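# Structure assessment
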Amino acid sequence: MKLTFSSLPIGKQDFNYHVDGKFFNEIETSEVRSGSVDVALCVTHSQEGIYELDFVCNGIIIIPCDRCLDDMKHVVDTSYHLTVKMGDALDESIDNVLVIPSSWRTLDISPIVRDTVLLTIPMMHAHSPGDCNQEMLGRLSEHTPQSYSSDEDFLQEPQREQSAAAEGDIDPRWEALKQLLDNKEQ
């Protein structure tokens, strides 16, 4: 997906794209197995060398469940704003502002769209409680040191660890190290 700046008149132009699993699998690290996402792009060319890009992405992607590894649907409903300015050299140091060399006549927006969609995937993505593959959960519980009685317990464990840390429960190993440091200071 390329956006040609030289052909954009001053004003607003709308572009529509459709991306699928093949689009996401062009990079090796993508977790997306398949999907269907519509991308609406509104480009506002207000003055010479400045373009406002507003992306709206809606659709569904298929990603693996972190618990049972079965496919699960993830709803994509996000937007992203980017200002593109013509300048002397490429500069991405400011959030939501991209300065590109004036010699560039086109911009490949594929990485922007890909990243916008991939950033909607949560760190822990799992089926709703009860929807996981029970056979896989059974096998998993056979090979884990701590067995969870249900997939709900599996989901809650990281939250319990975070709340224990927030309540001030300190791992005994850290407490022992703290005592060594206190002894050294005395």
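Read on for a plain summary of the structure. Here, residues in each chain are numbered from 1, in the same order as that chain's written sequence. Side-chain atom pairs in this predicted model are given and counted only at pLDDT of 80 or more, local residue features only at pLDDT of at least 70, and totals for whole chains, interfaces and linings cover all residues. Computation of side-chain values covers all heavy atoms of the structure but excludes hydrogens and water.

### Notes on the nonpolar core
The biggest cluster of nonpolar side chains holds 35 residues, and the ones touching the most others in it are Val37, Leu53, Ile61 and Ile109. Counting from the N terminus, the helices are the DSSP runs of H or I reaching at least four residues and the strands are the DSSP runs of E reaching at least two. Elements with a contribution of two residues or more to this core: β2 (11-20), α1 (21-24), β3 (34-47), β4 (50-64), β5 (71-87), β6 (97-101) and α2 (110-118). For this core, the element with the highest residue contribution is β4, accounting for six residues. Here a residue-residue contact requires only that any non-hydrogen atoms of the pair lie within 4.5 Å. Residues within four places of Leu53 in sequence aside, it is in contact with Leu3, Leu41, Cys42, Val43, Tyr80, His81, Leu82, Val84 and Ile109. For this analysis, a nonpolar core means a set of buried residues of the types Ala, Val, Leu, Ile, Met, Phe, Trp, Tyr and Cys, connected via side-chain atoms within 4.5 Å. Only protein chains enter the area calculation, which uses a 1.4 Å probe; residues under 20% of their type maximum are buried, those over 50% are exposed, and those in between are partly exposed.

### A look at the packing of aromatic side chains
Any two rings among Phe, Tyr and Trp, with Trp reduced to its six-membered ring, count as a pair given centres within 6.5 Å; such a pair is stacked if its planes are under 30 degrees apart, edge-to-face if over 60, and tilted if neither. The final tally for this structure, using the stated rule, is two aromatic pairs. Their ring planes at 80 degrees and their centres at 5.2 Å tell us that Phe23 and Phe24 sit as a pair that is edge-to-face. Phe24 matches Phe23 in its accessibility class, with the two residues each being buried. On the numbers, 6.4 Å between centres and 35 degrees between planes, the contact of Phe55 with Tyr80 is tilted. Here Tyr80 lies in strand β5 and Phe55 lies in strand β4, a separation of 25 residues in the sequence. Look at Tyr80 and you get partly exposed, because its relative accessible area is 29%. Any Lys NZ or Arg CZ found within 6 Å of a ring centre and within 35 degrees of that ring's normal is scored as a charge over the ring. The ring centre of Phe23 lies 4.6 Å from the NZ or CZ of Arg114, which sits over that ring.

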